[in-house]
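Coordinates in review
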Amino acid sequence: MMILSTPGSNSPWPTKTSGTGSPASSACGPSPRTACASCDPRPTPSRRSRLRLASPPIPPPDFLTPDEETRLVKFFTVELIRAAQFCEMPTEVRATAAIFLRRFYVTNSVMTYPATDLLKTSLFFGCKAEGYFYKLVQFSEKFPNTTGEQILAGEFLLCQGIRFAFDVRHPFRALEGAILELRRRLPDEDSRVRRAHGQAREILKFSPLVTDAYFHYTPSQIMMASLSIVDEGLVDILVPTPPQNGDQSKAKEHAEMRQKIMNTIADCRRMLEEEPPERMMDYWSSPEIVKAIKPLRKKLQKCRDPDRANLVNLQRARREQTVNKEKKAAKLDDTGVFGEELGREPKRAKLDKADDVFGPPL
Amino acid sequence: MALSPVVTHTAESVQQTQQLARAISSPLKNFTSGQTSSSNGTPKLLAAPLVPAPTTIPVTLDLAEQMNDEEKRKYVKGKKLGEGTYAIVFLGHLRSKPSTLVAIKKIKVQKENDQGMAPDAVRELKHLQELQHPNIISLLSVFSSKDQNLNLVLEYLPLGDLEMLIRDTDNVRYGAADIKTWMGMLTRAVWFCHENFVLHRDIKPNNLLIAADGEVKLADFGLARTFADPMTNMTSHVITRWYRPLELLFDAKHYSGAVDVWSVGTVFAELVMRAPYLPGNTDIDQVKLICEAIGTPTEDNWPGVTKLSGYAVPAQHPVRGKDWYEMRFGTVGSDGVDLLMKTLILDPRKRITAHQMLEHRWWHSDPKPTRKQDLPKKDGPSADDKMGADLKRRPGVLDDDRGSKVARKLDFGA
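Since the structure is predicted, the reported quantities are computational estimates derived from the model, not experimental observations.

Let us look at the overall build of chain B. When helices and strands are tallied, chain B shows 12 helices and nine strands. Burial statistics for chain B: of 414 residues in total, 59% are counted as buried. Looking at chain B alone, contacts between residues at least 24 apart form 67% of all its contacts between residues at least 6 apart. Taken as a whole, chain B presents about 16400 Å² of accessible surface, with 56% of it coming from carbon and sulfur.

Moving on, we come to the overall build of chain A. Per the secondary structure count, chain A includes 20 helices and zero strands. By the burial criterion, 48% of the 362 residues in chain A qualify as buried. Of the roughly 18400 Å² of accessible surface on chain A, a fraction of 55% belongs to carbon and sulfur atoms.

Soluble globular proteins: nonpolar side chains tend toward being buried together. Core analysis: the largest hydrophobic core is formed by 187 residues, its most contacted members being Phe166 and Leu227 of chain A together with Leu150, Tyr277 and Ile294 of chain B. At 10 residues, helix H5 (residues 176-195) of chain B tops the list of elements feeding residues into this core. Here Leu227 of chain A is in contact with Leu175, Ala178, Leu182, Ala196, Ala200, Glu232, Leu234, Val235 and Leu238 of chain A, once residues within four sequence places are set aside. Among the nonpolar cores identified, the runner-up in size contains nine residues, and Tyr75, Val102, Ile104 and Phe143 of chain B belong to it.

A separate point is the UniProt feature "active site" (unreviewed entry) in chain B. Feature annotation in UniProt assigns "active site" (unreviewed entry) to the following positions: Asp202 of chain B. Relative to the helices and strands, Asp202 of chain B resides in the loop between strand E6 (198-199) and strand E7 (208-210).

Take helix H8 (residues 283-293) of chain B next. Side chains three or four residues apart in an α-helix point the same way, a direct result of the helix having 3.6 residues per turn. All names here are of chain B. Listed in full, the buried residues belonging to H8 are Asp285, Gln286, Val287, Ile290, Cys291 and Ala293. If you follow the buried residues of H8, they end up packed against helix H6 (246-249), helix H7 (258-273) and helix H9 (322-329). Downstream of H8 by a residue or two, Gly295 has a phi angle that is positive, lying close to 140°.

So, about the sheet that holds strand E1 (residues 75-83) of chain B. Sheet strands line up and pair through hydrogen bonds in the backbone, either parallel or antiparallel. Residue and element names in this part refer to chain B. The strand order across the open sheet formed by five strands is E1-E2-E3-E5-E4, and the pairing between neighbours is antiparallel. What marks the edges here is a single partner per strand, and that holds for E1 and strand E4 (139-145). Pairs of neighbouring strands in the sheet enclose a mean axial angle of 30°, with direction left out of account. Two strands pair when backbone bridges link them, and strand E3 (residues 101-107) and strand E5 (residues 149-155) are joined in this way by six bridges, in the antiparallel orientation. Residue Val102 lies in a different strand from E5, and its bridge partner there is Glu155. Sitting on the sheet, helix H3 (residues 119-128) touches E3, E4 and E5, and the angle it makes with E5 is about 40°.

As a further point, take the packing of helix H3 (residues 66-86) of chain A against helix H4 (residues 91-107) of chain A. In helix packing, the relevant descriptors are the interaxial angle and the interaxial distance, both defined with respect to the helix axes. Residue and element names in this part refer to chain A. At their nearest, the axes of H3 and H4 sit 10 Å apart, and the two run at 155° to each other. Comparing their axes, H4 and H3 come out roughly antiparallel. With respect to the hand of their crossing, H3 and H4 are arranged in right-handed fashion. For the pair formed by H3 and H4, the contact residues are Val73, Lys74, Phe76, Thr77, Leu80, Ile81, Ala84 and Gln85 on the first element and Arg94, Ala97, Ala98, Leu101, Arg102 and Tyr105 on the second. The residue inventory of the contact of H3 with H4, partitioned by class, reads nine nonpolar, two polar and three charged.

All names here are of chain A. Here helix H13 (residues 219-230) spans 17 Å end to end across 12 residues, near enough to the 16 Å set by a 1.5 Å rise per residue. Along H13, the residues classified as buried are Ile222, Met223, Met224, Ala225, Ser226, Leu227, Ser228 and Val230. Check the buried side of H13 and you find it contacts helix H9 (172-185), helix H10 (190-204), helix H11 (207-210), helix H12 (213-216), helix H14 (232-238) and helix H15 (248-273).

A few words now on the packing of H13 of chain A against H15 of chain A. Residues and elements named next belong to chain A. Orientation of H13 relative to H15, taken along the N-to-C sense of each, is 70°, at an axis distance of 8 Å. Considering the angle they form, H13 stands roughly perpendicular to H15. Touching Gln221, Ile222, Met224, Ala225, Ser226, Ser228 and Ile229 of H13 are Thr264, Ile265, Cys268, Arg269, Leu272 and Glu273, all from H15.

A separate point is the domain arrangement of chain A. All names here are of chain A. Taken domain by domain, chain A holds domain 1 (66-167 + 287-328) and domain 2 (172-282). If you average the C-alpha positions of domain 1 and of domain 2, the two centres end up 32 Å apart. Counting from both sides, the interface comprises 15 residues of domain 1 and, opposite them, 14 residues of domain 2. When domain 1 packs against domain 2, close to 1400 Å² is buried across both sides, 67% of that on carbon and sulfur atoms. Our count for the contact surface shared by domain 1 and domain 2 stands at two salt bridges. When the shortest N-O distance is used, the salt bridge between Lys74 and Glu275 registers 2.9 Å. At the boundary of domain 1 and domain 2, one finds five residue pairs in polar contact (both at pLDDT 80 or more). For the side of domain 1 that touches domain 2, the element with the highest residue contribution is H4, accounting for nine residues. Here the residues of the side of domain 1 that touches domain 2 sort into seven nonpolar, three polar and five charged.

Residue and element names in this part refer to chain B. When E1 meets strand E2 (residues 87-94), the two strands line up antiparallel, connected through six bridges. When the bridges of E2 are listed, Gly82 appears paired with Val89. Linking E1 to E2, which pair antiparallel, is a turn of three residues.

UniProt's entry tags residues 170-273 of chain A with the feature "domain: Cyclin C-terminal" (unreviewed entry), counted in the numbering of this structure. Secondary structure across residues 170-273 of chain A comprises 79% helix and 0% strand; the distance between its end C-alpha atoms is 18 Å.

This next bit is on the confidence of the model for chain A. The predicted coordinates ought not to be read in detail in places where the model reports low pLDDT. Residue and element names in this part refer to chain A. When pLDDT is averaged along chain A, the result is 76; 72% of the residues meet or exceed 70. Note that residues 1-51 has pLDDT below 50 and, in this model, 98 contacts with residues that lie over four places away or in other chains. In the model, residues 331-357 has pLDDT below 50 throughout and makes 54 contacts with residues more than four positions away in sequence or in other chains.

Let us look at the packing of aromatic side chains. On inspection of all chains with the given rule, the structure shows 21 aromatic pairs over all chains. With a centroid separation of 5.3 Å and an interplanar angle of 70°, the aromatic rings of Phe75 of chain A and Phe76 of chain A are classed as edge-to-face. Just as Phe75 of chain A is buried, Phe76 of chain A falls in that class too. Pairing Phe250 of chain B with Trp302 of chain B gives two aromatic rings, centres 6.4 Å apart and planes at 35°, and the pair type is tilted. Note that Phe250 of chain B is positioned in the loop between H6 and H7 and Trp302 of chain B in the loop between H8 and H9, a separation of 52 residues in sequence. Given a relative accessible area of 0%, Phe250 of chain B falls into the buried group. An aromatic cluster of three or more residues is present, and its members are Phe124, Tyr132, Tyr134, Phe139 and Phe143 of chain A. Seen from the ring of Trp324 of chain B, Arg328 of chain B lies directly overhead, with NZ or CZ sitting 3.7 Å from the centre.

Calculation criteria
Note on numbering: residues in each chain are counted from 1, in written sequence order. Note on labels: chains are lettered from A, ligands numbered from 1, in written order. pLDDT decides what is reported in this predicted model: residues at 70 or higher carry local features, side-chain atom pairs at 80 or more are listed and counted, and totals for whole chains, interfaces and linings draw on all residues regardless. Side-chain measures were taken over the full set of non-hydrogen atoms in the model, leaving aside hydrogen atoms and water. Elements are defined by DSSP. Helices are runs of H or I of four residues or more, strands are runs of E of two residues or more, and each kind is numbered from the N terminus. The buried label goes to any residue with under 20% of its type's maximum accessible area, the exposed label to any with over 50%, and the partly exposed label to all in between, with areas taken from a 1.4 Å probe on protein chains only. The contact rule is simple, with two residues in contact once any of their heavy atoms fall within 4.5 Å. Only the protein chains shown count as cover for residues, with accessible areas throughout obtained via the Shrake-Rupley method and a probe of 1.4 Å. Grouping buried Ala, Val, Leu, Ile, Met, Phe, Trp, Tyr and Cys residues that are joined through side-chain atoms within 4.5 Å yields what is termed a nonpolar core. UniProt positions are given in the numbering used here, feature names are shortened, and annotations may be inferred rather than shown by experiment. Pairing between two strands requires that DSSP report at least two bridges joining them. Orientation is described by lines fitted to C-alpha atoms, with helices fitted over the stretch in contact, and by angles between N-to-C directions that extend from 0 to 180 degrees. Geometric relationships in this document are graded by angle, where less than 35 degrees denotes roughly parallel, more than 145 denotes roughly antiparallel, 65 to 115 denotes roughly perpendicular, and other angles denote oblique. Crossing chirality is assigned from the near helix's rotation relative to the far helix, an anticlockwise turn below a right angle marking it left-handed and a clockwise turn marking it right-handed. For this scheme, ten residues count as nonpolar: Ala, Val, Leu, Ile, Met, Phe, Trp, Tyr, Cys and Pro. Four count as charged, namely Asp, Glu, Lys and Arg, and the remainder, Gly too, count as polar. Here, expected helix span is obtained from the residue count minus one, scaled by 1.5 Å. What fixes the domain bounds is an automatic or database domain assignment. Two parts placed together each lose some accessible area; with a 1.4 Å probe, that loss summed over both constitutes the buried area. The salt bridge criterion pairs a side-chain nitrogen of Lys or Arg with a carboxyl oxygen of Asp or Glu, the two atoms within 4 Å. What qualifies as a polar contact is a pair of N or O atoms within 3.5 Å, subject to a donor-acceptor requirement within protein and to the restriction that residues adjacent in sequence count only when both atoms come from side chains. Per residue, pLDDT measures the predictor's confidence, with a range of 0 to 100. Here a pair means two rings of Phe, Tyr or Trp (six-membered ring of Trp) with centres within 6.5 Å. Their orientation is stacked below 30 degrees between planes, edge-to-face above 60, and tilted elsewhere. The criterion for a charge sitting over a ring is simple: Lys NZ or Arg CZ within 6 Å of the ring centre, and within 35 degrees of the ring normal.

Pasting the structure below:
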């Protein structure tokens, strides 16, 4: 998963005002990840006093590393799949929702927008995008402590984050087609084809959704890769072999193309094999994985963007701002029609003001 | 996406496409990383050289918001072309090239709708994002303005729609060759949708808009959906009544591209007659009209029809023969009548497909289709308003002033 880092930030957001959850361990300046490793974790007395004078007393929190973020996105994708299973949603809906969530976190960080909320929004919107309309109330009732407002608060955010591209093509239909073809070609091997069908489908319902397969491969390639995991011989049957007799150069061309296709399928297969479907249960039952995720979620709690952690409040603030702006816009001309640049949220303005030399109020 | 065997790409249309390069396919395609000043994404506190943030982008916008703003800033919104319950349509132009006009369709936030983004908008975006064809309206961009209003930037089609030409019997004259050109463009559009597994489900003359060069473009994908998997139910409450086939009136839950082909057939008949062919006042009336004009469906001509849950027929009428059609639609020639009859076959399984339509001999028989620059057109301000009126409408309903006051209520929950 590619997580975008944005260089050149001149105003790193975590200017937290309250002292809650600011780990003391990263007290050595503005770049905890790089500097801490090379310097003494406890500053010398002289440095300590200098620091106290020169910088705000609250150090930036200990941010997640890109690798940790990737692991968390994967974890939340599994949570989404689990929720979809619980709600008994169709396979396509759950796959679409999972891909929406992952696409969203290509350009956003789990530290900025809470994935626990967005996964529910992704599911709700995934239903819509697949033409499977759920009443909001019915939907929110399925989750503990969840209101319809919470689910809708992130809807527009999600849509904008995936640039309004709502069509996700899945490998499931490709598999059905391949199975029909295999039944025709192998009339005497019904049990073999049937077994491959079931197993490949289980793979497709999990592995491509928690890896980057959808970002790199086409639905048919993903389908072929899943088949090759369960029964490689079947892929060999499906991908046409070069004609035995005929034009030499054409045959060579064909052979090269076939090799290229097989290589791509093999690459995709390696990616899928990182997350076999058996791992799905592990994500919430294997003690090691649960244990490994726990500290990450704790760390995430401490480095979240305070302005964007509560989507409902964010949404309300935006609505208010829009209403205010509409009042002002009455006298604006051409530029007003388009709306101005989105202003800064009131809350942040307050935060920035607090970030002065004397530090925040006690 | 498949290429049409019959589509002609003119030099100017290619040029235009290049000018209006679509900027929505990839979230990062048009994003210049140099302007990144967001503090969002993975916070990175390395000693990177500070790029002075352009003052136009506030630092608190996240990456998606910045991309949205960049998209928004490419266009200038102009005068209002029309307003309806569902959307407001504005004329607009490219900021960098004011001569390039666009239509901006702003989806209204539904006050009473507490279900979030409207299903029509979701469907329209989902399909228009993916379909690119000379006979399908292009979606150039999407952005949100004033917080959460959805704006669809569509290509500007200034010459109104086919309905306008059909109705204006005083000023607009056209013949068999013109009908052939229009039908060709419509059939290619429908073929392309079906080739890409999309059912349009609302084909009618006022969803067929006309570009400045005379090209007809299929618009309004608010009722579109992808082909369903076998066994999956679909709602039968689609397609504006006059253009709706019997299988939908009989409440079939499984149907195919044949429903669109029927609509194409009724549009074809309307082009010839210059009046709606089957203007039913109610759904029951619609069934009656179809039975009278085309024939009553029976187990003989449509095996299984009596098993459909909504099956009810008023009386037994024989299926009309070719001579009956020749009398009414003879102006398009014997081949034209043959094609029309095949689009209006009662049994959807026997009805011609869009692909087979393109292979029909009518396209080759005399008269040759009119070149698109020579097509009759209607100029002037009324055409402008027409695009506004067409885009703002809720999908699936008839305009109030078009005879039927009983606009179909759509069940979006199904």
